[in-house]
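# Understanding the architecture of this molecule
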Amino acid sequence: MERTAAVILAAGKGSRMGSPVHKQYLELLGKPLLYYALHAFENSSVDQIILVTCPGEVGYCQKEIVEKYGFTKVAAVRPGGKERYHSVYEGLKAVKDCDYVLIHDGARPCVTREIIDAASDGARKYGACVIGMPVKDTVKISDENEFAAMTPDRNSLWLIQTPQAFEYGLVLGAYEKLMSSGLSKEKITDDAMVVETMTQERVKLIRGNYANIKVTTPEDMEIAGVLIKKNQSKK
Ligand code: CTP
Ligand code: MG
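Treat the numbers as computed from the prediction; the structure is a model and nothing was measured. (Residues numbered from 1 in each chain as written. Chains lettered and ligands numbered in written order. Predicted model: local features only at pLDDT ≥ 70, side-chain atom pairs only at ≥ 80, totals over all residues. Heavy atoms only, no water.)

### Regarding the layout of surface pockets
The probe, sized like a water molecule, is rolled over the atoms to show the empty space still left. Selection rule: A cavity here means a set of 1 Å grid points, computed over protein atoms only, where a 1.4 Å probe fits but cannot escape. A pocket is an open set with protein on both sides within 12 Å along at least 5 of 7 lines, and lining residues have an atom within 4 Å of a point. Grid points are joined across faces, edges and corners, and a volume is the space filled by probe spheres set on the points. For the purposes of this entry, the term helix denotes a DSSP run of H or I that reaches at least four residues, the term strand denotes a run of E that reaches at least two, and both are numbered from the N terminus. Amino acids outside the nonpolar list (Ala, Val, Leu, Ile, Met, Phe, Trp, Tyr, Cys, Pro) and the charged list (Asp, Glu, Lys, Arg) are all regarded as polar, and Gly is one of them.
The space that makes up the largest pocket amounts to roughly 1,200 Å³. Among the secondary structure elements, those contributing two or more residues to the lining of the largest pocket are strand 1 (4-10), helix 3 (84-94), strand 7 (128-134) and strand 10 (158-167). No other element matches the five residues that strand 10 contributes to the lining of the largest pocket. Among the residues forming the lining of the largest pocket, the class breakdown is 17 nonpolar, 14 polar and 14 charged.

In structure tokens form, the structure reads like this:
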């Protein structure tokens with residue numbers, strides 16, 4: 001029987017939110033923001049969850065989130081690192097006995113069971129996949145003075161979300177290679193980039209949902225509140 005794990009990331013500082021409390025713990029409809037992603041994965045086909053949090057918040061997360069809301073699939077809460085890729089690597093190392101792994105931003109509370117299933121199926125079929133959506137706006141590349149330099153063909157542009165899902169050995173190997181390499185890592189913004197750069201594997205783009213937003217700035221909290229209410233009323 002093949003097993004699937006999820007690494008849920010909550011070790012960021014939420015600096016763009018501008019709140020003294022890290023954004024993953026801000027209250028949304030009476031629960032901490034991080035609750036919603038954990039709830040979606042707890043109620044999915046995923047077998048095991050590794051939660052990655054700031055080093056000083058491991059005990060708080062274990063008690064006030066995992067135990068309080070009864071998330072039985074959380075096998076470990078681990079301290080993350082300075083950048084997102086450090087946190088992902090810590091999470092990947094904590095995964096036990098799994099064939100596939102889904103990596104998800106704890107700051108995306110509107111993820112659904114359907115999206116999680118699509119990512120799991122994609123990992124099985126393609127070895128590496130990311131959830132995303134085609135862009136709706138025109139995208140321009142600016143020059144150094146903020147004049148339009150180029151307009152890429154919109155038909156080939158996607159906005160990439162999470163979960164990003166992989167064969168476990170493939171993504172762990174890619175991260176190990178990255179961490180031991182002398183390559184500059186500052187431009188790495190997602191897990192697919194690590195697999196694209198460090199392996200020969202092609203990453204499949206899979207349509208998710210425009211509502212799977214990342215909560216980054218204060219207005220995103222309001223939008224997420226509306227979207228979560230809508231998801232809840234469908235059940
Ligand atoms: N993350 C993490 N470890 C880091 C940085 C980010 O686990 N060192 C997580 C965040 O908690 C979030 C996800 O990665 O769930 C996406 O990151 P982002 O939206 O950029 O969150 P923050 O880094 O917390 O916010 P900001 O960039 O505004 O500081
Ligand atoms: Mg960040």
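### Description of the site of ligand 1
To be explicit about the condition: Here a residue is near a molecule or strand as soon as one of its heavy atoms is found within 4 Å of it. Any pair of N or O atoms that falls within 3.5 Å is considered a polar contact. Within protein, one atom must be able to donate a hydrogen and the other to accept it, and sequence-neighbouring residues count only if both atoms are side-chain atoms. Areas reported here follow the Shrake-Rupley algorithm with a probe of radius 1.4 Å; residue values treat only the protein chains shown as occluding. What decides whether a molecule sits in a cavity or pocket is whether more than half of its atoms lie within 2 Å of the grid points.
Around ligand 1, 18 residues are found, and the nearest of them are Gly 14, Ser 15, Arg 16, Ser 87 and Lys 214. Leu 9 places a polar main-chain atom, nitrogen or oxygen, 2.9 Å from an oxygen atom of ligand 1. Taking Arg 84, its main chain carries an N or O atom lying 3.4 Å from a nitrogen atom of ligand 1. About the coverage of ligand 1: the protein hides 88% of its 560 Å² of free accessible area. The cavity that encloses ligand 1 is the largest pocket. Elements represented by at least two residues in the shell around ligand 1 include exactly strand 1 and helix 3. Among the residues making up the shell around ligand 1, the classes are represented as four nonpolar, six polar and eight charged.

### Digging into the packing of helix 3 against helix 5 (residues 168-180)
Here is the rule: Note on geometry: axes are C-alpha line fits, over the in-contact stretch for helices, and angles between N-to-C directions span 0 to 180 degrees. When an angle is under 35 degrees it counts as roughly parallel; over 145 it counts as roughly antiparallel; between 65 and 115 it counts as roughly perpendicular; any other value is oblique. Put simply, a crossing is left-handed when the front helix is turned counterclockwise from the back one by less than a right angle, and right-handed when it is turned clockwise. In what follows, residue pairs with any heavy atoms lying within 4.5 Å of each other are defined as contacts.
Their axes nearest at 10 Å, the elements helix 3 and helix 5 cross at an angle of 130°. Comparing the axis directions of helix 3 and helix 5 gives the class oblique. Where helix 3 crosses over helix 5, the two elements pack in a sense that is left-handed. Residue-level inspection shows Tyr 85, His 86, Val 88, Tyr 89, Leu 92 and Lys 93 of helix 3 in contact with helix 5, the latter providing Tyr 168, Val 171, Leu 172, Tyr 175, Glu 176, Leu 178 and Met 179. Across the contact of helix 3 with helix 5, the residue classes tally to ten nonpolar, one polar and two charged.

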